[in-house]
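# Structural description and commentary
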Amino acid sequence: AKTALFRSPADFAPHDAAQLSGKPARVIFEGPLTRAGGLDLVVEALARLGSVTPELLVLASGCREKRYLAWCQRRASETGLRLTIASASERAAARDAYASATVVCAPYRDAIMSEPAHRAAAAGIPIVATEVDTLLELGEDGVTGYIVPIDDILGLARRLELLLRDEELRGD
């Protein structure tokens with residue numbers, strides 16, 4: 001018998017795009033609040049977007065580096081980005097977050113976790129992720145979302161903006 005490493009995303013039902021109509025775009029980041037997790041990359045990428053101003057919902061899991069998190073929060077505030085932090089371990093909150101998401105972003109610098117990709121797929125939400133092994137195995141570039149090189153803030157920003165602006169491309 002194999003050991004399940006991740007909880008099943010089966011209860012993450014597809015989101016209803018009609019319910020999201022007229023609401024601000026929401027980007028989900030799920031992962032550890034460490035440099036390896038890449039939250040700083042999401043903040044910097046979203047700061048580079050033109051007229052699109054999404055909310056960034058952070059589902060924190062695992063480690064937290066206080067100075068790193070403080071920098072990310074300060075940078076988000078400087079750029080006018082609305083950043084909210086919740087716990088990924090609260091299953092109902094995570095499920096609700098994914099149900100209201102426009103795009104999932106997993107800009108990991110290291111192979112940390114693949115649960116966001118599983119959850120995004122279960123909810124039918126595109127994902128923008130980096131070229132780490134665990135995420136490459138789960139998605140297909142240009143089909144389930146986009147894969148960008150690690151630490152490529154401009155590439156991340158371009159792909160996020162593309163998905164945030166184009167409802168048809170997202171499948172809404």
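Residues numbered from 1 in each chain as written. Predicted model: local features only at pLDDT ≥ 70, side-chain atom pairs only at ≥ 80, totals over all residues. Heavy atoms only, no water.

Checked against the element boundaries, D40 lands in helix α2 (residues 39-47). A distance of 2.8 Å separates polar atoms of two side chains, one belonging to D40 and the other to R109. (Helix = DSSP H or I, 4+ residues; strand = E, 2+ residues; numbered from the N terminus. Polar contact = N/O pair within 3.5 Å; in protein donor to acceptor, adjacent residues only side chain to side chain.)

Moving on, we get to the confidence of the model for the protein. Residues of the protein with pLDDT of at least 70 account for 77%, and the chain-wide mean is 80. Helix α1 (residues 17-20) is the least confidently modelled element of the protein, averaging 49 in pLDDT, while α2 averages 96, the highest of any element. Under a pLDDT of 50 for its full length, residues 1-15 has, in the predicted model, 34 contacts with residues more than four places off or in other chains. (pLDDT = per-residue confidence, 0-100. Contact = heavy atoms within 4.5 Å.)

This part takes up the environment of I153. For I153, the location among the structural elements is in helix α7 (residues 153-165). Distance from I153 to D40, taken between C-alpha atoms, is 9.4 Å for residues 113 residues apart in sequence. Ignoring any residue separated from it by four or fewer positions in sequence, one finds I153 in contact with L41, E44, A45 and R48.

For the pair α2 and α7, the least separation of the axes is 8 Å and the interaxial angle reads 65°. As α2 packs across α7, the resulting crossing turns out to be right-handed. Counted together, L41, V42, E44, A45 and L46 of α2 and I153, L156, A157, L160 and L164 of α7 form the full contact between these two elements. Taken together, the residues that form the contact of α2 with α7 break down as 9 nonpolar, no polar and 1 charged. (Axes fitted to C-alpha atoms, helices over the stretch in contact; angles between N-to-C directions. Left-handed = near helix turned anticlockwise from the far one by under 90°. Nonpolar A, V, L, I, M, F, W, Y, C, P; charged D, E, K, R; others polar.)

Let's shift gears to the nonpolar core. In this structure, L39, L46 and L56 are the most contacted members of the largest nonpolar core, which totals 50 residues. Here the element with the most residues in this core is α2; it accounts for 6 residues. Setting aside residues up to four positions removed in sequence, L56 forms contacts with V27, F29, L39, V42, V43, L46, L81, R82, L83 and T84. (Core = buried A, V, L, I, M, F, W, Y, C linked by side-chain atoms within 4.5 Å. Buried < 20%, exposed > 50% of the residue type's maximum accessible area, 1.4 Å probe, protein only.)

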